[in-house]
Amino acid sequence: MHIPAANQSHVDSPTWPRPQGHSTWPAPVSTDRTPATYCPVGGLEKVSAPAGSGAPPRLLFTDCPASSTPPTFPTGPGLEGPQSWGNLPSTDLPPQLGLPAEPSLPNGMSDSCEPSPFPSCHTVTQPPPGGSSTEQASRAQSPRAQSRYGLDPRLIPSAVKVIEDDRDEWAGQVFVSDTSRQLPPLSSTECTVEDRGNASPRFIRCTSYSFPCDGGAAQRCHLPLGAVVTPLARLGPGERPLPVLMRGAEPGCVLSCGGCGSSMCPFMTWQDSGQRFHCPFCGHITEVPWQNYQPTDRGSPRVDSELHPELCRGSYEILETHTQRECLGLLLAVDVSGQAVRGGQLALVCHQLRALLASLSRDYTGLGKSALRVGVVTYDRSLHLYNLSPALSRPHMLVVTETEDLELPVWEGLLVSLEDGRDAIDCVLEQIPRLFVDAEDTPVSQDLPLRSALKIFKAAGCPGKVLVFHTAPPSDGKVNCSSGPSGFFSSSKTKSLFQPPESCGSLARECVAQGCSLHLFLFSQQAVGGTWAGHASSLTGGRVYNYECFQGEADVERFGSDLRRCVEAETGYRAELRVSVSKGLRVSGCFGAFSPGPDPAVISLAAIDWHTAVAVQFMHHSPLDEHRGVAMQMCLSYTSSQGERRTRVHSLGLRCSRHLVDTFRNSQAETLLSFYCKRAYCAVLDRPLQAVRDELVTELTEALACYRQHCSSTALTHGQLVLPQCLKALPVYVNSLRKSEVLLPGQRSSVPQRLQLRGQLVAMDPAHTAAYFYPELLPLPLCEQSVGDGAPAAAVRCSGSSLDSRGLYLAHSSLALLLWVGEHVPLSVLSQLFNASSFSQLPCGECCLPTLDNPLSLRVRAVIETLRSCTAFTLKVVKQGDHSEEALRHLLVEDKSPNGGASYPDFLYHVHINSLQLLA
C-alpha cells in the first residue's frame, strides 16, 4: 500500500517486544478528536510480519508534523515470539502504573553495572546506512549500549539529529524576537537575535510558548508552565547592546506602573489617546503626567514609541542616578596551616595572586583604580589581619585568637584601594610564605574566613567577592563525607545530605543582605572529613574550584585560569529579581542557587553573573484571555561591577490557546530539561531521591499519554510511540537527568563531588545544562586529507556503539573535556598527535597535547582550544580498555550508566508501556 509522504511523519522505529502471557496489547482507546484539538498524523499502517515467521507486527514511531515515508526495518530472530517479564534483569526504573514489579535492590540501584542480556533478545546487527560490515565490526562493542528488549538504539529518536536540524535551520539566519508564532532557536544553537519587543531567548526561555487558557487544561497536559531566566546573559556577536535609560533624566515616558510598580514595556496598552495606560500584570490604570504625554497612533502604540526603548524593546536597563556609586571589595583569604606550607599550595597561591593583582588595570576591571578595594587575611586556628593603610610605613599584622565570637579590633586599612595599596599588598603576599614556614598542623575552621570577610565588608559598607584558598581538612562537621554510599543514601537520611547546616544557612543570608559572594578554592589532598565547605559558596552566588590531586603544569595552568576567570567575571551584587506575570497566573515557585524567601516572586541574591539562571513556575488562578495572551516581566536590580545601581528589565509576551496541541507544539525540550533539573535538584533538599526520580518518570509518562490521547490520530495502534515534534529529545534528556550522580549515586560517588555538582548545575543556564546532560561526541580527523578546511566533524550519538576502535573522539560537556583514543588507531596518528610510538606509551589523565608542527596536530589542538575556551577544564586523555575509560562512560548517556541507570532504549520502552497503561 502506497502512503503519501505529505501525510506521514515517522521516526526510525524498532520493534517493541510484548510481554509473555499477553496475547494482545491493551484494548484500543477511542481517540476521536474535534478539529480544534486534533494533530493529524495521517496514513498510519500496521506492517505485518512475513507469513509463518511468528513475529509480532512491527511498530512505528510517530510524531507530528508529517515529513517522510516510513522506512523498512529488518527483523531478527531476537524479535520473534513472546518474551517473559520474569527473566528481565533488574533496573532502577520504578515499578509503577500497572507494570510487573521488578526485583528491589538497595537504594534503588541495580545489583550489577553490567546488564544481563535476555537470551532470545539482541540488537539488530545490520550496519547503518553508509557503513560497511567491516566498519561495524571495528566499533567498540560495549554491553552497556545494548538494549534488554531487542531495540536497535539507532532507530529511535536522536538528540544529535534534533540539534543538527535546528542548527541547519538557523545557520546564517537572524531570529527576530517579536510576538510572531515562530519558536526561538534551541539554546544549543548559535544565532543572532534582534530585539523587536520581546526579550531575547538568551535572557528568558519558556517551557512552552503557548500557555493553556485555563488551569484544568494545564493540569491535563502535565507539562510545567515556567520560564528559565538568565538576567545577565551575554549578547551574541553582532547584537546591539541593551539601551540604558537614566531614571529621572529621560523625558517623554512613565517608567513604571502606579499600581504594582512593574516597569514600562511594550505590553502596556494605552487608553484615551495616550492619557493613561493599562498594566497587564495587575490591571491598574495609570494616569500619564502632562509632561510625559504623547498621543497614540491609529493602533495602540504611541507615536514616539520607536524613540523610547521601554516602549519598543523587550530588554533595557535603567541607571539609578539618585544613588551614590559604591566601592567594591575583593578579599583574599589564604590558609596558612602546616598542610598548606608543606604541600606548596601556600607559595603557589601567593605567587599567582601577586601576578593577578599586577595585571589588574582600568581596562581589565572596568573600574577606576580607586573604586576597587583589596584586602588580605590569613588563617589557621586563629585569624591574621593585615593593615594595608598607605599612611603606615609598612603593613601591620594583627592576630585574633578569639574566633568563636569574632570581633574586629580595627577595620580601617583592612580594605584599601588598589591604586594606593598595590605595593603594600604585594609586600604582604611576598612575605606570607616566609612568616608561616614553621606552621604546624592545627584544626582549621572552614567558616572563619567567611565570617571575618563579612565583618570587614559590613564595616567598610561595600559588597564584593571573597576568595578563600583552603588546604587543611576542616575540623568541624556533622556528616562524614568520606564514607561510602552504602546506607547513607537511604530515604531516612538522604534529605540531610544536601541541606546546609543551620549555621551555614544563617551566615549565607547575612552575606546575601551584604552582597558578599564566596568563591572557594579547595586543595585538600584527602577526603574532607566534615560538613562540605561549599554550601555557603553555592548560596551566595559563588563557585567551588576543586584541586584534589594538584600536581604538574596542567593543574598550575588550570588554577591560574580559574583564578583569573573568577575575578574577571562581570558580576552583579546585592541583586533582587522580581517576577511579574499576567492576571490569571501567579508565581508558584522559584528554583535555583539561592535561599528561598517568603514571596516566590521575589528572589534575593548576594551576587549573579552572566551564566547564572533561575527557574520560575507559574500556576493558573483564573482563566486567561486567548486574545490578550500572557505577559511576563523579570526585573533585576543590582550593583554593577562599576559600582552603579542598575535595573535590568526583560519582558516577554506569549500566546494563549484553548487547544492542548498548541502547548505541546510550542514546547522546547532543552528548556524543559533545564527547568526539570533545577526543580529536581532543589527538591532533594527535603525529599528522598527515589521520590524525585519517580516524579520525573511519572511526569514524562503522563505528558506523553496526554499527547497520545488528546493530540494524536484516530488510527494509532498501541505499538506506536507518539512524540511531539518539538519534544523528540525529551525522553533521553529526562533519563540522563534521573540517572545523574546527584539523583542516582554510584559506588564510587563521593559526597563532596555530588554536592559540588548539584551546586553547579542548579545555577547553570539552559545551554550549558543541555550540554552537560547530553555531551557532544566529536570524531577527530585521522589524516591530513580529512583535516580539510578545518570544519569540525558532525557529532555522533552519546553511546559506546558510536565509538570506533580505530578513531579518536572528543567528548565535550559543560564540566568535562575528554579525548578518547581507540586501541587500533594508526601509529602514524599517534606519532603526529602525541609524539608516541605505540598505544601503550600514551599518557592517561589530565595532560596537554605536545606542540607539533604538522596539520593534524595543529587542527586537533585548535579544536581543543576552542572547546576549552567554553569549559575552562583541562583535557583528559582516555585510552580504550584502560581504567580511565570509566570517566567517559558517565558521558555516554544513551548507554546504561556505571551507577546502574537504565539505557535510553530501555527507558523509552518503559515510558511507552507506562503511557499505554494509563490509557488502558
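Now for a quick tour of the structure.

### Observations concerning the overall build of the chain
Part 1 of the reasoning: A tally of regular secondary structure across the chain gives 24 helices and 32 strands.
Part 2 of the reasoning: Counting only residues that meet the buried cut, the chain has 58% of its 920 residues in that class.
Part 3 of the reasoning: Taking all contacts inside the chain whose residues are at least 6 apart in sequence as the whole, residues at least 24 apart take part in 76%.
Part 4 of the reasoning: Accessible area for the chain stands at about 37,200 Å²; split by element, carbon and sulfur atoms hold 51% of it.

### Observations concerning the packing of helix H17 (residues 730-738) against helix H24 (residues 904-919)
Part 1 of the reasoning: Following both chains from N to C, one finds H17 and H24 inclined at 110°, their axes separated by 10 Å at the closest point. Regarding the angle of H17 to H24, the classification is roughly perpendicular. Residue-level contacts link Pro731, Val732, Val734, Asn735 and Arg738 of H17 to Tyr904, Phe907 and Leu908 of H24.
Part 2 of the reasoning: Among the residues making up the contact of H17 with H24, the classes are represented as six nonpolar, one polar and one charged.

### What about the nonpolar core?
Part 1 of the reasoning: Ranked by size, the top nonpolar core spans 102 residues in total, and within it Phe664, Tyr676, Tyr681, Tyr733, Leu737 and Leu743 carry the most contacts.
Part 2 of the reasoning: Apart from the residues within four sequence positions on either side, Tyr681 is in contact with Leu737, Ser740, Val742, Leu743, Arg758, Leu761, Val762 and Phe773.
Part 3 of the reasoning: Of all hydrophobic cores here, the second largest spans 39 residues; its members include Val581, Cys590, Phe618 and Leu654.

### Details of the packing of aromatic side chains
Part 1 of the reasoning: For the coordinates displayed, the defined rule picks out 15 aromatic pairs.
Part 2 of the reasoning: With a centroid separation of 5.7 Å and 80° between ring planes, the pair formed by Trp170 and Phe175 is classed as edge-to-face.
Part 3 of the reasoning: Residue Phe175 is classed as buried on the basis of its relative accessible area of 6%.
Part 4 of the reasoning: Seen from their ring centres, Phe523 and Tyr547 are 5.2 Å apart, and the 20° between their planes marks the pair as stacked. Placement of the pair is Phe523 in the loop between strand E19 (516-522) and helix H12 (535-539) and Tyr547 in the loop between strand E20 (544-546) and helix H13 (552-568), with a sequence separation of 24 residues.

### What to know about the packing of helix H16 (residues 689-711) against H17
Part 1 of the reasoning: At their nearest, the axes of H16 and H17 sit 10 Å apart, and the two run at 170° to each other. With respect to their mutual orientation, H16 and H17 come out roughly antiparallel. Each of Arg693, Leu696, Val697 and Leu700 in H16 lies in contact with H17, whose residues at this interface are Leu730, Pro731, Val734, Leu737 and Arg738.

### Focus on unusual backbone geometry
Part 1 of the reasoning: Of note in the backbone geometry, His222 takes a positive phi value of approximately 60° without being a glycine.
Part 2 of the reasoning: Along the polypeptide, His222 turns up in the loop between helix H3 (215-221) and strand E7 (226-229).
Part 3 of the reasoning: Take His222: its relative accessible area is 28%, and that puts it in the partly exposed class.
Part 4 of the reasoning: Although it is not a glycine, Arg574 adopts a positive phi angle of roughly 50°.
Part 5 of the reasoning: Here Arg574 lies in strand E21 (residues 571-581).
Part 6 of the reasoning: Note on Arg574: relative accessible area 23%, which makes it partly exposed.

### Quick notes on the environment of Ala705
Part 1 of the reasoning: Checked against the element boundaries, Ala705 lands in helix H16.
Part 2 of the reasoning: On the basis of relative accessibility, which here comes to 5%, the residue Ala705 falls in the buried class.
Part 3 of the reasoning: Between the C-alpha atom of Ala705 and that of Gln917, which follows or precedes it by 212 residues, the distance is 9.1 Å.
Part 4 of the reasoning: Those residues within four positions of Ala705 in sequence are excluded, and the remaining contacts are Ser915, Leu918 and Leu919.

### Brief notes about the sheet that holds strand E29 (residues 808-812)
Picture the strands of a sheet paired through backbone hydrogen bonds; they go either parallel or antiparallel.
Part 1 of the reasoning: Ordered in space as E28-E29-E30-E32-E31, the five strands form an open sheet in which the pairing is mixed. If you trace the sheet from one side to the other, it starts and ends with strand E28 (776-779) and strand E31 (845-846), each paired once.
Part 2 of the reasoning: Where E29 and strand E30 (residues 817-821) come together, five bridges link them in antiparallel fashion. Opposite Leu810, over in E30, you have Leu819 as the bridge partner.

### Details of the pattern of salt bridges
Part 1 of the reasoning: Enumeration over the complete set of coordinates arrives at 28 salt bridges.
Part 2 of the reasoning: Of the charged contacts, one joins Glu194 and Arg196 as a salt bridge, the two residues approaching to 2.9 Å between their closest N and O atoms.
Part 3 of the reasoning: Between Arg687 and Glu695 there is a salt bridge; the shortest N-O distance is 2.6 Å.
Part 4 of the reasoning: Relative accessible area serves as the criterion here: at 29%, Arg687 is assigned to the partly exposed category.
Part 5 of the reasoning: According to the relative accessible area criterion, Glu695 is partly exposed, its value standing at 31%.
Part 6 of the reasoning: A single salt-bridge network, built from bridges that share partners, covers Glu317, Arg325, Glu644, Arg646 and Arg648.

### Quick look at the side chain of Thr378
Part 1 of the reasoning: Tracing the backbone through its elements, the reader meets Thr378 in strand E14 (residues 372-379).
Part 2 of the reasoning: For Thr378, a relative accessible area of 0% corresponds to the buried category.
Part 3 of the reasoning: Engagement of the side chain of Thr378 in a polar contact is seen with the side chain of Tyr386, the distance being 2.9 Å.
Part 4 of the reasoning: If near-sequence neighbours (up to four positions away) are discounted, Thr378 is found in contact with Val334, Val336, Leu383, His384, Tyr386, Ile432 and Phe436.

### Points about the environment of Arg658
Part 1 of the reasoning: Within the element layout of this structure, Arg658 appears in the loop between strand E26 (645-657) and helix H14 (660-665).
Part 2 of the reasoning: Arg658 has contacts with Cys213 and Glu626, leaving out every residue within four places of it along the chain.
Part 3 of the reasoning: For Arg658, the side chain forms a polar contact with the side chain of Glu626, separated by 3.3 Å.

### Overview of helix H8 (residues 418-435)
Part 1 of the reasoning: Ala424 marks the point of greatest bend in H8, at about 30°.
Part 2 of the reasoning: Residues of H8 that are buried include every one of Leu418, Gly421, Ala424, Ile425, Val428, Leu429 and Ile432, and no others.
Part 3 of the reasoning: Of the surrounding secondary structure, the elements contacted by the buried residues of H8 are helix H6 (345-359), E14, strand E15 (383-387) and strand E17 (416-417).

### Re the sheet that holds strand E9 (residues 269-271)
Part 1 of the reasoning: Read from one edge of the open sheet, three strands run E9-E10-E11, paired in antiparallel fashion. Either end of the sheet is taken by a strand with one partner, and the two such strands are E9 and strand E11 (285-287). Strand-to-strand, the axes of this sheet are offset by a mean angle of 30°, without reference to chain direction.
Part 2 of the reasoning: Two strands pair when backbone bridges link them, and E9 and strand E10 (residues 276-278) are joined in this way by three bridges, in the antiparallel orientation. In the sheet register, Trp270 faces E10, and the bridge partner there is Phe277.

### A few points about the state of the cysteines
Part 1 of the reasoning: In total, this model carries zero disulfides according to the counting rule given.
Part 2 of the reasoning: There is no disulfide at Cys504, and the cysteine sulfur nearest it, in Cys511, is 8.8 Å away.

### A few points about helix H21 (residues 827-834)
Part 1 of the reasoning: Those residues of H21 lying buried are Val829, Leu830, Leu833 and Phe834. Considered in projection along H21, the buried side chains sweep an arc of 100° and stay on one side of the axis.
Part 2 of the reasoning: Directly after H21, the chain includes Asn835, whose backbone phi takes a positive value near 60°.

### Examining a nonpolar patch on the surface
Part 1 of the reasoning: A contiguous nonpolar surface patch, about 270 Å² in accessible area, is contributed by Met397, Val399 and Leu435.
Part 2 of the reasoning: Here Leu435 shows up in helix H8.

### A closer look at the side chain of Ser177
Part 1 of the reasoning: Along the chain, Ser177 falls in strand E3 (residues 174-177).
Part 2 of the reasoning: A polar contact of 2.7 Å, which involves the side chain of Ser177, links it to the backbone oxygen of Asn198.
Part 3 of the reasoning: Apart from residues no more than four positions distant in its own chain, Ser177 is found in contact with Val193, Glu194, Asp195, Arg196, Gly197, Asn198 and Ala199.

### Digging into the pairing of strand E12 (residues 315-319)
Part 1 of the reasoning: Of all five residues in E12, five are buried, a share of seventy percent or more.
Part 2 of the reasoning: Of the two faces of E12, the one lined by Ser315, Glu317 and Leu319 and the one lined by Tyr316 and Ile318 are each fully buried.
Part 3 of the reasoning: Pairing of strand E8 (residues 244-246) with E12, which is carried by three bridges, proceeds in the parallel orientation. If you follow Met246 over to E12, its bridge partner there is Leu319.
Part 4 of the reasoning: As judged from the five bridges shared by E12 and E26, these two strands associate in the antiparallel manner. In the strand pairing of E26, Ile318 is matched with Thr647.

### A word on the environment of Val722
Part 1 of the reasoning: Note on placement: Val722 falls in strand E27 (residues 722-724).
Part 2 of the reasoning: Overall, the relative accessible area of 4% leaves Val722 in the buried class.

Basis of the calculations
- Per chain, residue numbering runs from 1 following the sequence as it is written.
- Given that the model is predicted, a residue must reach a pLDDT of at least 70 before its local features are reported, and side-chain atom pairs must reach 80 or more before they are shown or counted; all residues, however, enter totals for whole chains, interfaces and linings.
- As a rule here, side-chain values come from all non-hydrogen atoms in the structure, and water together with hydrogens is ignored.
- In this text, helices come from DSSP runs of H or I with a minimum length of four residues, and strands from runs of E with a minimum of two, each type numbered from the N-terminal end.
- Any residue under 20% of the maximum accessible area for its type is buried, any over 50% is exposed, and the rest in between are partly exposed; the area is computed with a 1.4 Å probe on protein chains only.
- Here a residue-residue contact requires only that any non-hydrogen atoms of the pair lie within 4.5 Å.
- All accessibility values rest on the Shrake-Rupley procedure with a 1.4 Å probe; residue burial counts only the protein chains present in the view.
- Only the contacting stretch of a helix is used when fitting its axis, a line to C-alpha atoms as for every element, and angles between N-to-C directions run 0 to 180 degrees.
- Orientation is classified from the angle alone, with under 35 degrees giving roughly parallel, over 145 giving roughly antiparallel, 65 to 115 giving roughly perpendicular, and any other angle giving oblique.
- Amino acid classes used here: Ala, Val, Leu, Ile, Met, Phe, Trp, Tyr, Cys and Pro are nonpolar; Asp, Glu, Lys and Arg are charged; the rest, including Gly, are polar.
- Take the buried residues of types Ala, Val, Leu, Ile, Met, Phe, Trp, Tyr and Cys, join any two whose side-chain atoms come within 4.5 Å, and each joined set is a nonpolar core.
- Any two of the Phe, Tyr and Trp rings considered here, Trp counted by its six-membered ring, make a pair once their centres fall within 6.5 Å; the pair's planes then place it as stacked at under 30 degrees, edge-to-face at over 60, or tilted in between.
- At least two bridges found by DSSP between two strands are what make those strands a pair.
- The salt bridge definition used is simple: a Lys or Arg side-chain nitrogen within 4 Å of an Asp or Glu carboxyl oxygen.
- Polar contact is defined as a pair of N or O atoms within 3.5 Å, subject to the rule that within protein one atom must be able to donate a hydrogen and the other to accept it, and that residues adjacent in sequence are counted only when both atoms are side-chain atoms.
- Two axes are fitted around each residue, one to the seven residues ending there and one to the seven starting there, and the angle between them is reported as the bend at that residue.
- Here, two cysteine sulfur atoms that lie within 2.5 Å of each other are counted as a disulfide.
- This arc is built from the directions going out from the helix axis to the C-beta atoms.
- Each patch is built from residues lacking any salt bridge and having more than 30% relative accessible area; the joining distance is 9 Å for like charges and 5 Å for nonpolar side chains (Val, Leu, Ile, Met, Phe, Trp, Tyr).

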